[in-house]
Amino acid sequence: MEKKYNVDSFNLDHTKVTAPFVRLASKKEGPKGDVVTKFDIRFCQPNKEFLTTGAIHTLEHLMAEYIRDEMEDVIDLSPMGCRTGFYFTIFGDHDEEYVCGHLLNVLKKVAVWDKPVPATTEQECGNYRDHDLEGAKAAAGKWVQEIEKKGWNAFI
């Protein structure tokens, strides 16, 4: 992949990937030797489908909260502006398979979620009215089913 832009995902040929997937987007070492690894967690096929704002918002709340029960050293889980997935950033030198295994555990729970979505009050959330639990559950279930069928690889 030839670097043309400063932003990793702008250099990704979105026509060559097959969602869903987990892709190592970048790895950086800080001045004190800390390694930070960023992953592209794709739910939807780019330019073919996307998550609704309510579904991606609810997925963000559930995934961001419960991935921290699965993994140490989580820095951030952020929705992509294109609404096809998330960026996931952690401390440490980790690979796609490691991250995918933990995400599978979380998304299996999300797919059958029957409790209130965390942090959905006016005090806790900047857009608390825009949530879609059923959409989030459907997206999580589809991700799990497809990853279990094809694996985590983006380029198949």
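Look up: the structure comes first, before these words.
Owing to the predicted nature of the structure, the values given are computational and were not obtained by experimental measurement. Residue positions are given per chain, counted from 1 along the sequence in the order it is written. Local features in this predicted model are restricted to residues whose pLDDT is 70 or higher, and side-chain atom pairs enter the listing and the counts only when it is 80 or higher, whereas totals over whole chains, interfaces and linings include all residues. With hydrogens and water stripped out, all remaining heavy atoms of the structure feed into the side-chain values.

Draft legend 1. Quick look at the nonpolar core. To qualify as a nonpolar core, a set must consist of buried Ala, Val, Leu, Ile, Met, Phe, Trp, Tyr and Cys residues joined through side-chain atoms within 4.5 Å. When a residue's accessible area, from a 1.4 Å probe over protein chains only, is under 20% of the maximum for its type it is buried; when over 50% it is exposed; and in between it is partly exposed. Counting 33 residues, the largest nonpolar core has I41, F43, L59, F88 and W143 as its most contacted members. Each helix corresponds to a stretch of at least 4 residues labelled H or I by DSSP, and each strand to a stretch of at least 2 residues labelled E; elements are numbered beginning at the N terminus. Going through the elements one at a time, strand 2 (35-42), helix 2 (53-70), strand 3 (74-79), strand 4 (85-91), helix 3 (96-111) and helix 4 (133-150) are the ones with two or more residues in this core. Looking at which element gives the most residues to this core, the answer is helix 3, with 7 residues. With 5 residues, the next largest nonpolar core counts L12, A19, F21 and A154 among its residues.

Draft legend 2. Highlighting the environment of A154. Relative to the elements of secondary structure, A154 occurs in the segment after helix 4. A154 sits in the buried class, given a relative accessible area of 2%. With 41 residues separating them along the chain, A154 and W113 place their C-alpha atoms 27 Å apart.

Draft legend 3. Representation of helix 3 within the structure. In this scheme, a helix's expected span is set at 1.5 Å multiplied by one less than its residue total. Between its first and last C-alpha atoms helix 3 spans 21 Å; for 16 residues at 1.5 Å apiece the expected length is 22 Å, and the two agree. Of the positions making up helix 3, those classed as buried are E96, V99, C100, H102, L103, L104, V106, L107 and V110. Here, residues are in contact when the closest pair of their heavy atoms is within 4.5 Å. In this structure, the buried residues of helix 3 make contact with strand 1 (21-29), strand 2, helix 2, strand 4 and helix 4. Two or three places before E97, at the start of helix 3, stands the capping residue D95, its side-chain oxygen 3.4 Å from that residue's backbone nitrogen. In protein, a polar contact requires one atom able to donate a hydrogen and another able to accept it; more generally it is a pair of N or O atoms within 3.5 Å, and residues adjacent in sequence count only if both atoms are side-chain atoms.

Draft legend 4. Main features of the packing of helix 2 against helix 4. Here an axis means a line fitted to C-alpha atoms, over the contact stretch when the element is a helix, while the angle between two N-to-C directions is reported on a 0 to 180 degree scale. Interhelical geometry of helix 2 versus helix 4 gives an angle of 75° and a closest axis separation of 7 Å. Between helix 2 and helix 4, the angle falls in the class roughly perpendicular. Counted together, A55, T58, L59 and L62 of helix 2 and L133, G135, A136, A139 and A140 of helix 4 form the full contact between these two elements. Three classes are used, and their members are as follows: Ala, Val, Leu, Ile, Met, Phe, Trp, Tyr, Cys and Pro are nonpolar, Asp, Glu, Lys and Arg are charged, and the others, Gly among them, are polar. The class makeup of the residues in the contact of helix 2 with helix 4 is 7 nonpolar, 2 polar and no charged. Should an angle fall under 35 degrees it is called roughly parallel, over 145 degrees roughly antiparallel, and 65 to 115 degrees roughly perpendicular, with every other angle called oblique.

Draft legend 5. Broad picture of the side chain of K137. Here K137 is to be found in helix 4. When residues no more than four places from it in sequence are discounted, the contact partners of K137 are V110, A111, V112 and W113.

Draft legend 6. Seen up close, the pairing of strand 4. Counting buried positions over the 7 residues of strand 4 gives 6, a clear majority of the element. Pairing between two strands is assigned when DSSP locates at least 2 bridges connecting them. Pairing between strand 2 and strand 4: 7 bridges, direction antiparallel. Note that in strand 4 the partner of I41 across the bridge is F86. Relative to strand 4, strand 3 runs antiparallel, the two sharing 5 bridges. Looking at strand 4, one finds that S78 is bridged to Y87.

Draft legend 7. Representation of a nonpolar patch on the surface in the model. What goes into a patch is any residue over 30% in relative accessible area without a salt bridge, connected to like charges within 9 Å or, for nonpolar side chains (Val, Leu, Ile, Met, Phe, Trp, Tyr), within 5 Å. Note on areas: these come from Shrake-Rupley sampling with a 1.4 Å probe, and a residue is covered only by the protein chains present in the view. Counted as salt bridges are all cases of a side-chain nitrogen of Lys or Arg within 4 Å of a carboxyl oxygen of Asp or Glu. Residues Y5, V7 and F10 make up a contiguous nonpolar surface patch of roughly 290 Å² in combined accessible area. Inspection of the secondary structure puts V7 in the segment before helix 1 (8-11). Judged by its relative accessible area of 37%, V7 falls in the partly exposed class.

Draft legend 8. Structural context of the sheet that holds strand 1. Spatially, 1-2-4-3 is the arrangement adopted by the 4 strands of the open sheet, whose pairing is antiparallel. Two strands lie at the open edges of the sheet, namely strand 1 and strand 3, each paired on one side alone. Taking each pair of neighbouring strands and ignoring which way they run, the sheet shows an average axis angle of 15°. Where strand 1 lies against strand 2, 8 bridges are found, and the strand directions are antiparallel. Bridge assignment links R23 to a residue of strand 2, and that residue is D40. The strands that helix 2 touches are strand 3 and strand 4; relative to strand 3, the one it contacts most, it runs at about 170°.

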